[in-house]
Amino acid sequence: MRLAPSEEQRRFADVLDMLLTRADPAAVSAAWAAGDITPGRRLWAALADAGVTGLLVPERFGGLGAGTDDLVVACEVLGRHAVPGPVAESVAAVPTLLVSGRWLPELASGRILASMAAPPLLPFAADGDVADLLLIIDTPAVRTGSPGAVHHSLDAVRRLADVIPGEIVETGAPIQRALDLGTLACAAQLLGAGHTLLSMAVEHAKTRTQFGRPIGAFQAVRHQLADVAVALAFARPLLYAAAVALADPAPGATTPAHTGPPHPAAGPTRDLSRAAGMSHAGRDVSAAKVACGEAALLAARTALQVHGAIGYTREHGLGRYLTRVRALHLSWGTPDWHRRRILTELTGTAVEDPAGLHRCLNGVETAVRASRELAGTGTGPVWTVGGTAGDPTPQPESRLSVRHGDPTPQPESRLSVRHREDAAVWPRDGRGAVGPGVGRTGEKGFE
Amino acid sequence: MNLDLDPPAAAFRDTVREWLAANVPATALPAPDTPAGSAAHREWEARLAGAGLAAVSWPVEYGGRAAPPLHALLFDEEYFAAGAPVRIGQNGLFLLAPTLLAHGTAEQCARILPPMARGEQVWAQAWSEPSAGSDLAAIRSRARPVDGGWLLSGQKTWSSRAVVADRAFGLFRSSAGERHRGLTYLMFDLRAPGVTVRPIEQLDGTAGFAEIFLDDVFVPDADVIGVPGDGWRVAMSTAGHERGLTLRGPGRFTAAASRLVALAAPVPGPDSADGAATAGGAALPGGAALPRGADLSGGAILSGGAAAAGGAAPPGGADLSGGADLSGGDDLSGALGGRVVDAWIGARAYRMQAYASLDEPVAPSATKLFWSSLDVALHETALDLLGPYAEIDSGWTGAYLFSLAGPIYAGTNEIQRDILAQRELGLPR
């Protein structure tokens, strides 16, 4: 039982944090938003050198074959710096789809950047216009794609591309697992972004003076920030637990936490899932996505309010995080979609009316139409062309079906080689944890 | 990262589960704040102690098992999943005992802890005063040094369990000086000459707390915890336990979330409850296929006091299944379904945070803010799900009323936010 990063994972996070701090992601993002992706590709090359792009690529294809827990640790740091580019797609989902191994060496080495669409859940490919490889899910197949119309995102650093389906490249891909891993990576970025938003707001509240006091001394301000800290502190364990639930089943599994002799009061229905070896990974991933997204959104709204007008400007660094959080919160399954997935599993009954999804799709369609009118393009929504994944309910996926605990803490050694090299290049800055220390001290008393 | 139990932990969990399955009373005990309920709950504590399960994390010599923190979490999960009685000894077991183990003498531990574990001595807390609530350091009750001990005088209020308890613990001003100095942590006998206990009826109809009037009550030196005048520092360790995992562990909320899901679901799905409890399917003591809304006893074990009033069959013989159908399936696809999910996510988040805190402790203030907010939201959702039938006095109504106290006791949530803002976020005062 351990639901916290290992020392090795902490060092890995520190290395990435240092690397990204020095890379000036704000400037890189500004260039990316203006259409100059050269600095961004340099940054991605550095991430590839650090091992990020190869985390989920098997070793025989030049990757690290690391664990899902390594993935969330890394993606949280990427989210903390709001790294531009298709993070969840290129680092998590696409490598999982490419089971035949094609493009994996190039992905791991950072020579190519990938994005994907999975309509209607994921109707556009994030940064699909600059990705070297585009995929589109056409259940049960995976096709290549080419970028169609490109839409502006509310996040100026993201561009959303329609995907025109091409040839079939995978027929036996673990699509559900890929989508869950993409969602997990998205949730991790949200958590990271939320922490940065909190840190920025706290710093501002310490230094901005009004009425002769730092505004952080006013309860109306400090209490809001405390609520953000609580939301983030209780979202992270859900993220870690989801990573554990998605961990690759390993041979020689020991007792997962949730097994044991059946309780005398257990009904037959309750035992069925364990007898059949059903996994709760989907449910757990959805819980993480909802919690990280809501916490990040609270952080974003609070941070903006604490900053006041300065936070509402393009030149202030806050806006980049604010819009990223809003975009990611709706990406890889809306909160409503994930809540419905959880409810379906909890109640054992499909919730009939996918009202939320329809609302969401109608909204998207309207937005796409408006966007096309602005762009002067006349093509129909591409997600209806390639989008045969019409059933919004995720299908059970056989590779997930063993169990929900990670029996062997495996992948740490994979990371060690890599970041020992990096540690020589990037000296540690003494920061211990993945987060900024919220909720990490002990005894507290009355005031 | 992994969520695996090592063999000793798994074996311990199984032992606890089996013992509870065989020993938890089939029908709810009378409310603990009544004479009959007090006796029944003390007897239950004695049975727990007999099985070595009253306080698993205590040292063996005082009646515990010296179990690691993970085992205490597992016990907490199993206890609530099994629908076991409210712990009448909780103030002593979860608040005073950690203080004694940290600051008390060996003599005090040996004298006080074993009868506490056996339910022979039930403890009340005596913190708040009429003029000292959130501002606890404004305490005015005095402890005057006399030969061989102290004379206590003043008034304490909102004193949980004082109506049925034998002894109490709290802070007293022992010398003039600054607010946080000159306070002494003392234990006293609620039946000693000079003590008057006046019950206060709570919103939920129980006498869960009381006023205590002290008129020159003698306390021997042996009942001072820590050094005289150092009481504030000593008390803070109790406060942390009260806010953190010890008093309100995740098991309680995991079980409540399972009942909420069962209330919402026509037929509970596979492992609809979370976690260890769910793994064994223990979360729904009533069985797996309850008609929607039939389990109105839902919150009974949460409030303790509500158990007697609630129970499985509300008064008046109302048609419960009819009532539950009114809040039927299509409601769940809307906002209500989302709120059920959010309550479940919240309970799971607390449980996972508890596991995470074994390696990375979380601030007790953050924990207190989280569980108290979750408890209110969860029970409000349950009531909304029951619709007009929620109004019928039941375990759910009792638990709902009890949840409303959460953001107030153990230090109000406003105080907790201030502590977090200052100590965790480093914001100026």
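Residues numbered from 1 in each chain as written. Chains lettered and ligands numbered in written order. Predicted model: local features only at pLDDT ≥ 70, side-chain atom pairs only at ≥ 80, totals over all residues.

**What to know about the overall build of chain B**
Okay, so step 1: In terms of regular secondary structure, chain B is built from 16 helices and 8 strands.
Okay, so step 2: Burial status across chain B gives 61% buried among its 429 residues.
Okay, so step 3: Partitioning the intrachain contacts of chain B with sequence separation of at least 6 by distance along the chain shows that 73% fall at a separation of at least 24. (Helix = DSSP H or I, 4+ residues; strand = E, 2+ residues; numbered from the N terminus. Buried ≥ 20, exposed ≤ 12 C-beta atoms within 10 Å, placed from the backbone. Contact = placed C-beta atoms within 7 Å.)

**Side note on the confidence of the model for chain A**
Residue and element names in this part refer to chain A.
Okay, so step 1: Taken over all residues, the pLDDT of chain A has a mean of 79, while the share at 70 or more is 71%.
Okay, so step 2: Below a pLDDT of 50 lies the segment residues 250–278, which in the model reaches 75 contacts outside its immediate sequence neighbourhood of four places, other chains included.
Okay, so step 3: Low pLDDT, under 50, characterises residues 351–414; the stretch is placed with 123 contacts to residues that sit more than four places away or in other chains. (pLDDT = per-residue confidence, 0-100.)

**Some words on the domain arrangement of chain B**
Residues and elements named next belong to chain B.
Okay, so step 1: Domain annotation of chain B identifies domain 1 (7–88 + 98–117), domain 2 (123–230) and domain 3 (250–424).
Okay, so step 2: Taken over C-alpha atoms, the centre of domain 1 sits 26 Å from the centre of domain 2.
Okay, so step 3: Ranked by residues supplied to the side of domain 1 that touches domain 2, first place goes to helix α4 (residues 90–103) with 3 residues. (Domains from an automatic or database assignment.)

**Digging into the UniProt feature "domain: Acyl-CoA dehydrogenase/oxidase C-terminal" (unreviewed entry) in chain B**
Okay, so step 1: The UniProt record annotates "domain: Acyl-CoA dehydrogenase/oxidase C-terminal" (unreviewed entry) at residues 355–423 of chain B.
Okay, so step 2: Between the first and last C-alpha atoms of residues 355–423 of chain B the distance is 23 Å; the span itself is 70% helix and 0% strand. (UniProt positions renumbered as here; feature names shortened; annotations may be inferred.)

**Describing the confidence of the model for chain B**
Residue and element names in this part refer to chain B.
Okay, so step 1: For chain B, per-residue confidence averages 85 on the pLDDT scale, and 84% of positions sit at 70 or higher.
Okay, so step 2: Predicted confidence is poor over residues 267–295, with pLDDT under 50, and the contacts of this stretch with residues over four places away or in other chains come to 120 contacts.
Okay, so step 3: Confidence over residues 297–330 falls short of pLDDT 50; this stretch has 99 contacts with residues more than four positions distant or in other chains.

**Here we look at the UniProt feature "domain: Acyl-CoA dehydrogenase/oxidase C-terminal" (unreviewed entry) in chain A**
Okay, so step 1: When the UniProt feature table is mapped onto this chain numbering, "domain: Acyl-CoA dehydrogenase/oxidase C-terminal" (unreviewed entry) sits at residues 175–249 and 279–344 of chain A.
Okay, so step 2: The span residues 279–344 of chain A is 76% helical and 0% strand by assignment, and the distance between its end C-alpha atoms comes to 14 Å.

**Section: helix α1 (residues 7–22) of chain A**
Residue and element names in this part refer to chain A.
Okay, so step 1: Look at α1: 23 Å from first C-alpha to last across 16 residues, which is about the 22 Å you get at 1.5 Å a residue.
Okay, so step 2: Of the positions making up α1, those classed as buried are Gln-9, Phe-12, Ala-13, Asp-14, Val-15, Leu-16, Asp-17, Met-18, Leu-19 and Leu-20.
Okay, so step 3: The first or second residue beyond α1 is Asp-24, which carries a positive phi of 55°. (Expected span 1.5 Å × (residues − 1).)

**Observations concerning the pairing of strand β5 (residues 183–189) of chain B**
Residues and elements named next belong to chain B.
Okay, so step 1: In terms of burial, β5 is a largely internal element, 6 of the 7 residues being buried.
Okay, so step 2: Pairing of strand β4 (residues 167–173) with β5, which is carried by 7 bridges, proceeds in the antiparallel orientation. Among the inter-strand pairings, Phe-172 is bridged to a residue of β5, identified as Thr-184.
Okay, so step 3: Both β5 and strand β8 (residues 224–225) contribute to a ladder of 2 bridges, which runs antiparallel. When the bridges of β8 are listed, Tyr-185 appears paired with Ile-225. (Pairing = 2+ DSSP bridges.)

**Section: the environment of Trp-103 of chain A**
Okay, so step 1: Positionally, Trp-103 of chain A belongs in the loop between α5 (87–97) and α6 (104–109).
Okay, so step 2: With 12 residues separating them in the primary sequence, Trp-103 of chain A and Val-91 of chain A have C-alpha atoms 13 Å apart.

**What about the packing of helix α10 (residues 281–307) of chain A against helix α11 (residues 318–330) of chain A?**
Residues and elements named next belong to chain A.
Okay, so step 1: Taken N-terminus to C-terminus, the directions of α10 and α11 make an angle of 150°; their axes are 9 Å apart at the nearest point. Here α10 lies roughly antiparallel to α11, going by the angle between them. Crossing hand, α10 versus α11: left-handed. In this structure, α10 uses Gly-293, Ala-296, Leu-297, Ala-300, Ala-303, Leu-304 and His-307 to contact α11, whose residues at the interface are Leu-318, Tyr-321, Leu-322, Val-325, Arg-326 and His-329. (Axes fitted to C-alpha atoms, helices over the stretch in contact; angles between N-to-C directions. Parallel < 35°, antiparallel > 145°, perpendicular 65-115°, else oblique. Left-handed = near helix turned anticlockwise from the far one by under 90°.)

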